[in-house]
Amino acid sequence: MFLKNTWYVAATPNEIDDKPLGRTICGEAIAFYRGEANKVAAVEDFCPHRGAPLSLGYVSEGKLVCGYHGLEMGCQGKTIAMPGQRVRGFPAIKSYPVVERYGFIWVWPGDPAQADEAKIPHMDWYDNPEWAYGGGLYHIACDYRLMIDNLMDLTHETYVHATSIGQKEIDETPCKTTTEGDMVVTSRFMSGIQPPPFWKMGLRANNLADDVPVDRWQICRFTPPSHVMIEVGVAHQGHGGYDAPNDKKAYSVVVDFITPETETSIHYFWGMARKFKPEDRALTATIRDGQGKIFAEDLEMLERQQKNLLAHPERALLMLNIDAGGVQSRRVLDRLIAQEAAQPSSVLAA
Amino acid sequence: MFLKNTWYVAATPNEIDDKPLGRTICGEAIAFYRGEANKVAAVEDFCPHRGAPLSLGYVSEGKLVCGYHGLEMGCQGKTIAMPGQRVRGFPAIKSYPVVERYGFIWVWPGDPAQADEAKIPHMDWYDNPEWAYGGGLYHIACDYRLMIDNLMDLTHETYVHATSIGQKEIDETPCKTTTEGDMVVTSRFMSGIQPPPFWKMGLRANNLADDVPVDRWQICRFTPPSHVMIEVGVAHQGHGGYDAPNDKKAYSVVVDFITPETETSIHYFWGMARKFKPEDRALTATIRDGQGKIFAEDLEMLERQQKNLLAHPERALLMLNIDAGGVQSRRVLDRLIAQEAAQPSSVLAA
Amino acid sequence: MFLKNTWYVAATPNEIDDKPLGRTICGEAIAFYRGEANKVAAVEDFCPHRGAPLSLGYVSEGKLVCGYHGLEMGCQGKTIAMPGQRVRGFPAIKSYPVVERYGFIWVWPGDPAQADEAKIPHMDWYDNPEWAYGGGLYHIACDYRLMIDNLMDLTHETYVHATSIGQKEIDETPCKTTTEGDMVVTSRFMSGIQPPPFWKMGLRANNLADDVPVDRWQICRFTPPSHVMIEVGVAHQGHGGYDAPNDKKAYSVVVDFITPETETSIHYFWGMARKFKPEDRALTATIRDGQGKIFAEDLEMLERQQKNLLAHPERALLMLNIDAGGVQSRRVLDRLIAQEAAQPSSVLAA
């Protein structure tokens, strides 16, 4: 149950720089590669000759060459050539709309006729000297919606991430959830608290005292199909909190692209864009390492939760006020998935 | 096919001293932990909030705290508290009768209303200065009844454990099997034989010559659901065999608690209680290591036997006189399992 | 879908010299061992007593002794003895016709009454001082017919084995495929080309210049059930090519016995018999190591191709002229498998 007529993050550019990449997205096995003029391309990972995975091949002059018998596949899924063969009658394979933008490879696994690059969400922080970005990729064996739940309810930080970003005040401070069209926003503002270890580090990195009371905020924004951007930060108390000037706060955006691999597994692209000391590359590396360790703490919990849910499909789970972010995000998804199912598919027509 | 209204060994106390333990017993995923006043408790390993495994959490003031969002679970399966929530209406999860006794954690996976601590079998050797005990735990991918068969027919020692406790005379000496109520007893007495390597060690450890003829005995006692206690030992010949005085023999009880995990896997708690040199802790360690190696020799055989049986469910196996112990034990089990199935369950009623 | 009334290579003799070998052939779990007078024997890997795998046991005086309780199995599948038991009424297990010949153990997994040693294909190169042989065994998770396809279409060498035996001229030179009875032959002759690295080595080993133009040939012969023998070699140009005298060429036979384990896995016995410098044992080892590395390059491709085909059972693959060898081999197999299915089985009758 996922949207297919939408853009997902499929990979980072470095993953296809040297050789093709085979990756399953929304149940579709896809070969990603750099085709003509180094432009990213994506076709089914299935050679029409004998079914070999094309991602085991190589790229030659913009064509994806099958590593088994040398069939040359074009970016549109049509065979271009094969040694000693006339290829005109070869059956075509699927190709996928694919775009390289904002430091990611985006793929549209559904109906190509509906793909519209303008629908790729804009990333303010990309290629902007005021910002620095670092991130990584985890493979997790869970339904993508469990990760949305996770990110839209940050009370889990108190328990799962107790030694880094968790603190009791998160639990104690109610969050507020609203839905604006397809976007769901859950926000929490804490005032006059001690910063947890991760944010002490952030304050020091921005040349700010780390032992004074701060205001802290978390503003989680879900947008379909499964992106969650979270504004996070702390400011020295009494300077306006979220609206404090840059030299009184440490401010970042947690970036989460959750791409379904199958119904019960995801490619999780996580990262952090920060708006302080953007030129400090060592700080970028430190933050990425720290975030990687923090986010790894969620893996076992999510995978074991998934197993428990599969073992008890009949059980209704609780939907508390803290769960409102995930619940409302799922409502948006359910509505859009139903719309997609009702829509005549030009793929099927073709 | 296992009894559920009965006590099984679930764990050893050290396994829950530091943190909760998640373990599946008779198909039930259970979180074991030390609750109020350090008393052992057992609840379903499934948080009623979002299905996370409670065993990934921690214990705080006697409550099991879910490691995902901080729900506090009570020992009876009722949610006690959760930050910012009223928990009165939360659905309860199962709790399990559980007792710490004789150096083990015992659990009753069936109807709690029928649980009776008096039914836990008495262990003479526990906390008794005349005895010493050492043991371990193996996970084996086989039906628990294959392990009962194994232990109720010790002719396999001649083949599987040829270099330690096996000897030709086991095969050559007929065994006798009787059923007394729910207990099945298979016994074998050998006379005037050379002790095998393990018992040479036992004799020397008890300051007895290891190069003289001995009498040897094996008395296997099955009791439901799946406990097998085996009196074993050797005595210098001519001193009464099994009834010889302690300074003429080396005498032990092999302790086997076979706890079904699923239909085709077990937690196998094995050990040896010995009635000689009980104060010699180095000897306890030596025997445990030796027994661990010997019992590990059964693992591959049992797991491969299980695979063969699953591949050929239609085949009837032979039931020879040496198999009488296992055959009669299964009869007892079949009768009790049928009784249990016929019984109205207060669990279902509740 | 495989032939059962036929001889397959099951093992190499060294695999059963020290202890029994358990191996599944065409879905039959078989214990191979050296029975009376060291003669190879093969019985079901299932003890009639309690289902233990007999291959975990040992051989004593020509009998296969079960390693669990000492049942002695005879080469015909009849229990010979068991300690303390009368075995006359024990059910028999299957035994399999098995022959040691040409450096391999051959087994007939089908109807024993039809087994005829004369049907084992003759190996010219065995025990012949003009030839040397070296080989190995790979387990591959693919349908045996995918490996036949692989070996009957050597254009894949250009892509899969680009750095050793592949070269562009293979692709550029058409092959010719013919069927003679049950044998399918695909041959390709190249003329006036540069030898690829593997054959440069072969030429040097035969004291021939490796930097002159050569003629190269590949003659692939499929015979049922799944043997592919490939005559390969290079000769200095202008000396008759395939028919050149021995001191102008390097000539070998690639030996491929593809034995189905299950519908989607094989035991692949590969090797090379060479007709130059047969006395040079270091060269035999060098060639075996080289061939092992080259053939290992096919493994991932075949296993991933198999997964792709299982994911898309509905897709029809292309059958190009280069695929003719595999296509015609499958036709032979289909015809013979249909014949076998139509035939009354004396096994079933018995």
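Definitions and limits used
Residues numbered from 1 in each chain as written. Chains lettered and ligands numbered in written order. Predicted model: local features only at pLDDT ≥ 70, side-chain atom pairs only at ≥ 80, totals over all residues. Heavy atoms only, no water. Helix = DSSP H or I, 4+ residues; strand = E, 2+ residues; numbered from the N terminus. Least-squares fit on C-alpha atoms with pLDDT ≥ 70 in both. Contact = heavy atoms within 4.5 Å. Buried area = accessible area lost by both parts, 1.4 Å probe. Salt bridge = Lys/Arg side-chain N within 4 Å of Asp/Glu carboxyl O. Polar contact = N/O pair within 3.5 Å; in protein donor to acceptor, adjacent residues only side chain to side chain. Nonpolar A, V, L, I, M, F, W, Y, C, P; charged D, E, K, R; others polar. Domains from an automatic or database assignment. pLDDT = per-residue confidence, 0-100.

Let us now look at unusual backbone geometry. A cis amide bond links Pro224 of chain B to the next residue, Pro225 of chain B, at an omega of 0°. Unusually for a residue other than glycine, Cys26 of chain A sits at a positive phi of about 50°. Note on placement: Cys26 of chain A falls in the loop between strand E2 (21-25) and strand E3 (28-34). In this structure, Asn38 of chain C is a non-glycine residue whose phi angle is positive, near 65°. Looking at the secondary structure, you find Asn38 of chain C in the loop between strand E3 (28-34) and strand E4 (40-44).

This next bit is on the relation of the copies chain B and chain A. Aligned on chain A, chain B shows an RMSD of 0.1 Å; the corresponding rotation is 120° and the shift along the axis is 0.1 Å. Put plainly, the chains are arranged around a three-fold axis. By C-alpha distance to the rotation axis, the residue of chain B lying nearest is Ala141 of chain B, at 14 Å.

For the rest of this paragraph, the subject is the interface of chain A and chain C. Counting from both sides, the interface comprises 24 residues of chain A and, opposite them, 27 residues of chain C. Buried surface at the junction of chain A and chain C, both sides included, amounts to about 2,200 Å², of which 57% is carbon and sulfur. In terms of surface lost to chain C, no three residues of chain A exceed Phe46, Arg50 and Tyr68 of chain A, which account for 36% of the buried area on that side. Linking chain A with chain C are three salt bridges, by the criterion used here. Between Arg304 of chain C and Asp45 of chain A there is a salt bridge, with its nearest N and O atoms 3.9 Å apart. Applying the counting criterion to the chain A and chain C interface returns eleven residue pairs in polar contact (both at pLDDT 80 or more). Its residues assigned to classes, the side of chain A that touches chain C shows 13 nonpolar, eight polar and three charged.

Attention shifts here to the domain arrangement of chain A. All names here are of chain A. Once the domains are mapped, chain A shows domain 1 (8-119) and domain 2 (132-339). Taking only C-alpha atoms, the centre of domain 1 and the centre of domain 2 are 33 Å apart. Contact residues are listed per partner, giving 13 residues for domain 1 and twelve residues for domain 2. Its largest share of buried area at the contact with domain 2, domain 1 owes to Tyr8, Val9 and Phe104, together 50% of the area lost on that side. The tally of links between domain 1 and domain 2 comes to five residue pairs in polar contact (both at pLDDT 80 or more). Elements with a contribution of two residues or more to the side of domain 1 that touches domain 2: strand E1 (8-11), E2 and strand E10 (104-107). In terms of residue class, the side of domain 1 that touches domain 2 is built from eight nonpolar, three polar and two charged.

As a further point, take the interface of chain B and chain A. Contact residues are listed per partner, giving 24 residues for chain B and 27 residues for chain A. Regarding the contact of chain B and chain A, the summed buried area is about 2,200 Å², with carbon and sulfur atoms giving 57% of it. Sorting the residues of chain B by area buried against chain A places Phe46, Arg50 and Tyr68 of chain B first, and these three jointly supply 36% of that buried surface. The interface formed by chain B and chain A includes three salt bridges. Across the salt bridge formed by Arg50 of chain B and Asp149 of chain A, the nearest N and O atoms sit 3.0 Å from each other. Its residues placed into classes, the side of chain B that touches chain A shows 13 nonpolar, eight polar and three charged.

Per-residue pLDDT for chain A has a mean of 95; in total, 98% of the residues score no lower than 70. Both scores are available for the predicted complex, with the pTM at 0.93 and the ipTM at 0.92.

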